[in-house]
Amino acid sequence: MPIRQLSETMINQIAAGEVIERPASVVKELVENALDAGATRVEIVTAGGGLNLIRVSDDGSGIPEKELALAIARHCTSKLADDIHDIRSLGFRGEALPSIGSVARLSIRSRTASSENAAEIGIDGGRVSAVRPAAANRGTTVEVRDLFFATPARLKFMKGERAESSAIGDVVKRIAIAFPAVRFTLAGPDRSTLELPATDDSPEGRLRRVAQVMGADFPDNAIAIDATRDGVHLAGHVSVPSFTRANALQQYAYVNGRPVRDKLIAGAIRGAFADVLPRDRHAVTVLFLTVDPAIVDVNVHPAKADVRFRDPGLVRGLIVGAIREALAHAGIRAATTGAAGMMAAFRPGAASYAHGGPANGHRSYEAAYRASGFAGFDPARSPQRPLDMGGGFGEDEQAAFGAGPPHSADARAGQDQAAETLLGTALGAARAQVHENYIVAQTRDSLVIVDQHAAHERLVYEALKNALHSRAVPSQMLLLPEIVDLSEEDAERLAMHSETLARFGLGIERFGPGAVAVRETPSMLGETNVQQLVRDLADEIADNDTVDTLKERLDKIAATMACHGSVRSGRLLKPEEMNALLRQMEATPGSGTCNHGRPTYVELKLADIERLFGRR
């Protein structure tokens, strides 16, 4: 087949294959256009998962009638000047509208503030209609019908209506977080209506918008982030370590207001929480990076979902350092969901009843009452009796509470007025130890239950880490150097980081153009696979320009040592030991979770306890 020039329609359909993957991609492009036009209200309507109908209306600046024809032409845009490296808008390619019009039935109706009438233009599978007068308020309405009717093969790759509708909702929520001052509405016969009222651009307003999208639990379990390094500013919120999700879908990242899914940012978040989360749990984050447009390239992906930083090490270091510092300064905090779970477990309906019948105990009680009659009713034999009716509340009967098994300890003995001052601390004053593992403490307005083994495990781990990283890691000399063959690029990268690796006990040097010689390894690692370790380090340096793999291996050994060296379950603690453990927890960053990511304590507020007993 000879070389030939493709038709304009074919070119647009090829571009649509890159930009318009699914209905959610159309919504993303149209909503970004509305925001670039200065809209304060964006309304989205969909039908059939977006395949039958997508309508996006806004109150932005609108498109002048004479520019409507240009708006649906390829590579025509009002958002880009002569410098491709100075992009300050969400869109800039000028490909979205002609690409959508080549595979669907598209109409644009718009009116500017200075125009008395609106105008409308349509494009049907690549065929453009003439501009005609229309009636509309200020702003723009873009309607897309029968998506992919011109390329029916694409319809085979679409998921079900529910899945496509869900993807559209995710896109709208992700964009809405970055624009709290804009009101968003998403409705249609294929979904329940989503309304996100406008707030403001202040940190408090952003947090209110985040709560609208992610739920009211997040602000109560969030830690604020605000850090700057070398002209890069990071702001936002991250969850406390005990507030997690099973996947990373609730990790939102923005670069200059643009929603991105960048593996560098995702890796930095994972690294920042590596010490405090289990491997199968993920933090909840909303992070906003503000950088000079000249040092970030957003023109690396057709859908603008990825970005490339000029100095990725700077960005990664800022994210990891800022999150870890925020976690350290936040003190000891437990997720409010822990108290909610405890409340649910304590509620009468959560436990199975010993008697049969319905879960509502009152009904079975009334049935027993009617069957027996009043005269034959004996409270002492009732299965619903609250306590043994054979006696009163005399001292003899109460003495039974003091004759518990030896696996409980009472911290009240020997306590004086000094314990009252501990009630104002974060974890309060120890009152008892139950089941030889759980410390019960009291603050002025809550009850705290601490897992003594998990808590002490974290304290020992942090102490070991501080000792490990405060000085050079001891190393062991290999009898014969281990030669590791690598590509010349990997060998060069490792040589550039040789000083850092030496501080962690790994001594390497160049050995020819494509190899390194390993002469020393960290003593803590014992007998290790040197070849695999060096190759893993080379891969990580190539990806992130860091040597965290070695540090993580050393930290993992420290975590194992901490687990075996901490206070074991089943050990009775004295009152002063319990309080000392609580004070150490308050002074240690990250002590809200153990090395495996499990919570070290739960807190139940007095108000919640009163609600359990019907006092509120």
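Thresholds applied
- Residue numbers restart at each chain and count upward from 1, following the sequence in its written direction.
- Two thresholds apply to this predicted model, a pLDDT of at least 70 for residue-level local features and 80 or more for giving and counting side-chain atom pairs, whereas whole-chain, interface and lining totals are computed over all residues.
- Note: side-chain values were computed over all heavy atoms of the structure, leaving out hydrogens and water.
- Fitted lines through C-alpha atoms give the axes, limited to the stretch in contact for helices. The angle between two N-to-C directions lies from 0 to 180 degrees.
- A run of H or I in DSSP becomes a helix once it reaches four residues, and a run of E becomes a strand once it reaches two; helices and strands are each numbered from the N terminus.
- With respect to orientation, any angle under 35 degrees is reported as roughly parallel, any angle over 145 as roughly antiparallel, any angle of 65 to 115 as roughly perpendicular, and every other angle as oblique.
- Crossings are sorted by hand: turned counterclockwise from the far helix by less than a right angle, the near helix makes the crossing left-handed, and turned clockwise it makes it right-handed.
- It only takes one pair of heavy atoms within 4.5 Å for two residues to be counted as in contact.
- Basically, the charged four are Asp, Glu, Lys and Arg, the nonpolar ten are Ala, Val, Leu, Ile, Met, Phe, Trp, Tyr, Cys and Pro, and anything else, Gly included, counts as polar.
- Between rings of Phe, Tyr and Trp, where Trp is taken as its six-membered ring, a pair exists when centres lie within 6.5 Å; planes separated by under 30 degrees are stacked, by over 60 edge-to-face, and by other angles tilted.
- Accessibility here uses a 1.4 Å probe with only protein chains present; expressed as a share of the type maximum, an area under 20% marks a residue as buried, one over 50% as exposed, and anything in between as partly exposed.
- Here the nonpolar core consists of buried residues drawn from Ala, Val, Leu, Ile, Met, Phe, Trp, Tyr and Cys, with membership extended through side-chain atoms lying within 4.5 Å.
- By definition, two strands form a pair when at least two bridges between them are found by DSSP.
- Nitrogen and oxygen atoms within 3.5 Å of one another constitute a polar contact, given that in protein one can donate a hydrogen and the other can accept it, and given that sequence-neighbouring residues count only through two side-chain atoms.

Undergrad: What should I look at first to understand the packing of helix α2 (residues 23-36) against helix α5 (residues 161-178) in this one?
TA: In a packed pair of helices, the relevant descriptors are the angle between the two axes and the axis-to-axis distance. Contact pair α2 / α5: the axes reach a minimum separation of 8 Å and the direction vectors enclose 25°. In terms of orientation, α2 lies roughly parallel with respect to α5. Where α2 crosses over α5, the two elements pack in a sense that is right-handed. Contacts between α2 and α5 involve P23, A24, V27, K28, V31, E32 and L35 from the first element and E164, A167, I168, V171, V172 and I175 from the second. Along the lines of polarity and charge, the residues of the contact of α2 with α5 split into 10 nonpolar, no polar and 3 charged.

Undergrad: I would appreciate a short explanation of the packing of aromatic side chains in the present structure.
TA: The description of an aromatic ring pair rests on the distance of the ring centres and on the angle between the ring planes. All told, the structure shown has 1 aromatic pair when counted by the stated rule. Pairing Y254 with F288 gives two aromatic rings, centres 5.0 Å apart and planes at 15°, and the pair type is stacked. Of this pair, Y254 sits in strand β13 (residues 251-255) while F288 sits in strand β16 (residues 285-290); the two residues are 34 residues apart in sequence, bridging distant segments of the chain. Across the pair, exposure class does not vary: Y254 and F288 are buried alike.

Undergrad: Whenever I open this one, the nonpolar core confuses me. Can you help?
TA: Where a protein is soluble and globular, its nonpolar side chains tend to be buried together. In terms of nonpolar packing, the biggest core is built from 95 residues, with V42, V144, F184, F273, L289, I319 and I323 touching the most fellow members. Of the residues forming this core, the biggest block, 9 residues, is contributed by helix α9 (residues 312-329). Listed in part, the 22 residues of the second largest apolar core include L486, I508, V534 and V547.

Undergrad: Explanation requested: the packing of α5 against helix α6 (residues 203-214) in the structure shown.
TA: The contact between α5 and α6 brings their axes to 9 Å, and the two run at 170°. If you check the angle between α5 and α6, you find them roughly antiparallel. Along the contact surface, α5 presents K173, A176 and I177, while α6 presents R209, V210, V213 and M214. Partitioning the contact of α5 with α6 into residue classes produces 5 nonpolar, no polar and 2 charged.

Undergrad: Can you walk me through the sheet that holds strand β25 (residues 515-522) in this structure?
TA: Pairing between the strands of a sheet is mediated by backbone hydrogen bonds and can be parallel or antiparallel. Strand order across the open sheet formed by 3 strands is β23-β25-β24, with antiparallel pairing between neighbours. In the strand order of this sheet, the two ends are held by β23 (475-485) and β24 (507-510), each with one partner. The mean inter-strand angle of the sheet, taken between neighbouring strand axes irrespective of direction, is 20°. In the packing of helix α15 (residues 488-496) onto the sheet, contacts are made with β24 and β25, and the angle to β24 comes to roughly 130°.

Undergrad: Could you clarify how one ought to interpret the pairing of β16 in this entry?
TA: Looking along a regular strand, one sees the side chains alternate between the two faces of the sheet. Of all 6 residues that make up β16, 5 are buried, and the element is covered over most of its length. Examined bridge by bridge, strand β11 (residues 232-239) and β16 share 6 bridges and lie antiparallel to one another. Within β16, the residue paired with H237 across the bridge is V286. In terms of strand pairing, β13 meets β16 through 5 bridges, oriented parallel. When the bridges of β16 are listed, V255 appears paired with L289.

Undergrad: Help me understand the environment of Q442, please; the structure alone is not making it clear to me.
TA: Looking at the secondary structure, you find Q442 in strand β21 (residues 438-442). Q442 sits in the partly exposed class, given a relative accessible area of 33%. Along the sequence, Q442 and G424 sit 18 residues apart, while their C-alpha atoms lie 9.4 Å from each other. Among residues more than four places away in sequence, those in contact with Q442 are L423, G428, A429 and R431. For Q442, the side chain forms a polar contact with the side chain of R431, separated by 2.9 Å.

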